[in-house]
Amino acid sequence: MRSNRREFLKHVSSLVLAGGFGWGSSSVFAQDNRLEFSELYAGYSALGLKFSEKLTSLNGKTVTIRGFMAPPLKAEASFFILTKQPVSLCPFCDSDADWPDDIILVRLAKDQPFVQNNRLIEVTGTLEVGSKTDEETGFVSLVRLVQARFEVL
């Protein structure tokens, strides 16, 4: 009987760790998909900022990162810039060659009211890595979160 109980507990433990009960999307199991601004880049190369291994490994996956919302260009925008530190102006760039290492373009899945630039927020969305020019705004970005949502912390 003891052996069967041990085997059962071992099996249940492996299911829980693998997310077999549908718990895999909970924050406990999503920790590997948390990003910090310090984990975006691995320094510079001759071509500019070099993506970190963690960033490229999460490309196309749902990730969560905390930061601050830069003031939007207009009140009804469906996107914003997430920054490492609060800023008073939106840090737009016209080239990814000048791309700061502490901002991420966020495209919202649905409209959400914007918050003050000094409020810490947590953003979750699908990570896109690589240079891309936004068709609507002409904004060039290296790192984006799409189909994103945020909450104020």
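Residues numbered from 1 in each chain as written. Predicted model: local features only at pLDDT ≥ 70, side-chain atom pairs only at ≥ 80, totals over all residues. Heavy atoms only, no water.

It is worth spelling out the overall build of the protein at this point. For the protein, the count of helices and strands is 2 helices and 8 strands. When each of the 153 residues of the protein is scored for burial, the buried share is 33%. In the protein, of all internal contacts separated by at least 6 residues, the share reaching a separation of at least 24 is 63%. Split by element, the accessible area of the protein, about 9,500 Å² in all, is 51% carbon and sulfur. (Helix = DSSP H or I, 4+ residues; strand = E, 2+ residues; numbered from the N terminus. Buried < 20%, exposed > 50% of the residue type's maximum accessible area, 1.4 Å probe, protein only. Contact = heavy atoms within 4.5 Å. Areas by Shrake-Rupley, 256 points an atom, 1.4 Å probe, with all protein chains shown as cover.)

Here we take up the packing of aromatic side chains. One pass over the full model with this rule turns up 3 aromatic pairs. Here the aromatic rings of Tyr41 and Phe51 are separated by 5.9 Å at their centres, their planes lie at 25°, and the arrangement is stacked. Of this pair, Tyr41 sits in strand E2 (residues 41-45) while Phe51 sits in strand E3 (residues 48-51), and the two are 10 residues apart along the sequence. Taking relative accessible area as the criterion, Tyr41 reaches 11% and is therefore assigned buried. Where Phe80 meets Phe150, the ring centres are 5.5 Å apart and the plane angle is 80°; that geometry is what we call edge-to-face. Taken together, the residues span a long stretch of sequence, with Phe80 in strand E5 (residues 79-83) and Phe150 in strand E8 (residues 140-152) at a distance of 70 residues. Exposure remark for Phe150: the relative accessible area of 9% places this residue in the buried category. (Phe/Tyr/Trp six-rings, centres within 6.5 Å; stacked < 30°, edge-to-face > 60°.)

Further remarks concern the environment of Arg144. Position of Arg144 relative to the elements: it lies in strand E8. Accessibility expressed as a relative area gives 7% for Arg144, which makes it buried. As for Arg144 and Ser131, which are separated by 13 residues in sequence, their C-alpha atoms are 9.5 Å apart. Beyond its immediate stretch of four places on either side in the chain, Arg144 contacts Ile104, Leu105, Thr126, Leu127, Glu128, Val129, Gly130 and Lys132.

Bringing the pattern of salt bridges into the picture now. As enumerated under the stated definition, the model contains 6 salt bridges in all. Across the pair Lys54 and Glu39 runs a salt bridge, and its minimum N-O distance is 3.2 Å. Note that Lys54 is positioned in helix H2 (residues 53-57) and Glu39 in the loop between strand E1 (34-35) and E2, a separation of 15 residues in sequence. Across the salt bridge formed by Glu122 and Arg66, the nearest N and O atoms sit 2.9 Å from each other. (Salt bridge = Lys/Arg side-chain N within 4 Å of Asp/Glu carboxyl O.)

A word on the nonpolar core. One finds Phe80, Leu82, Val123, Leu127 and Leu145 to be the most contacted residues of the largest nonpolar core, which totals 24 residues. Listed by contribution, the elements that provide at least two residues to this core are strand E4 (62-69), E5, strand E6 (103-108), strand E7 (120-133) and E8. Here the element with the most residues in this core is E8; it accounts for 5 residues. The contact partners of Leu82, leaving out residues within four places of it in the chain, are Phe37, Ile65, Gly67, Phe68, Asp102, Ile103, Ile104, Val106, Ile121 and Val123. Of all hydrophobic cores here, the second largest spans 7 residues; its members include Ala77, Phe79, Leu105 and Phe139. (Core = buried A, V, L, I, M, F, W, Y, C linked by side-chain atoms within 4.5 Å.)

Next up on the list: the environment of Ala109. Along the chain, the position of Ala109 falls in the loop between E6 and E7. Its relative accessible area of 44% is what places Ala109 among the partly exposed residues. Taking the C-alpha atoms as reference points, Ala109 and Gly125, 16 residues apart in sequence, are found 8.4 Å from one another. For Ala109, the contacting residues outside a window of four places in its chain are Gln147 and Ala148.

Here we come to unusual backbone geometry. We note that Gln147 has phi near 50°; this positive angle belongs to a residue other than glycine. Following the sequence through the fold, Gln147 ends up in strand E8. Take Gln147: its relative accessible area is 57%, and that puts it in the exposed class.

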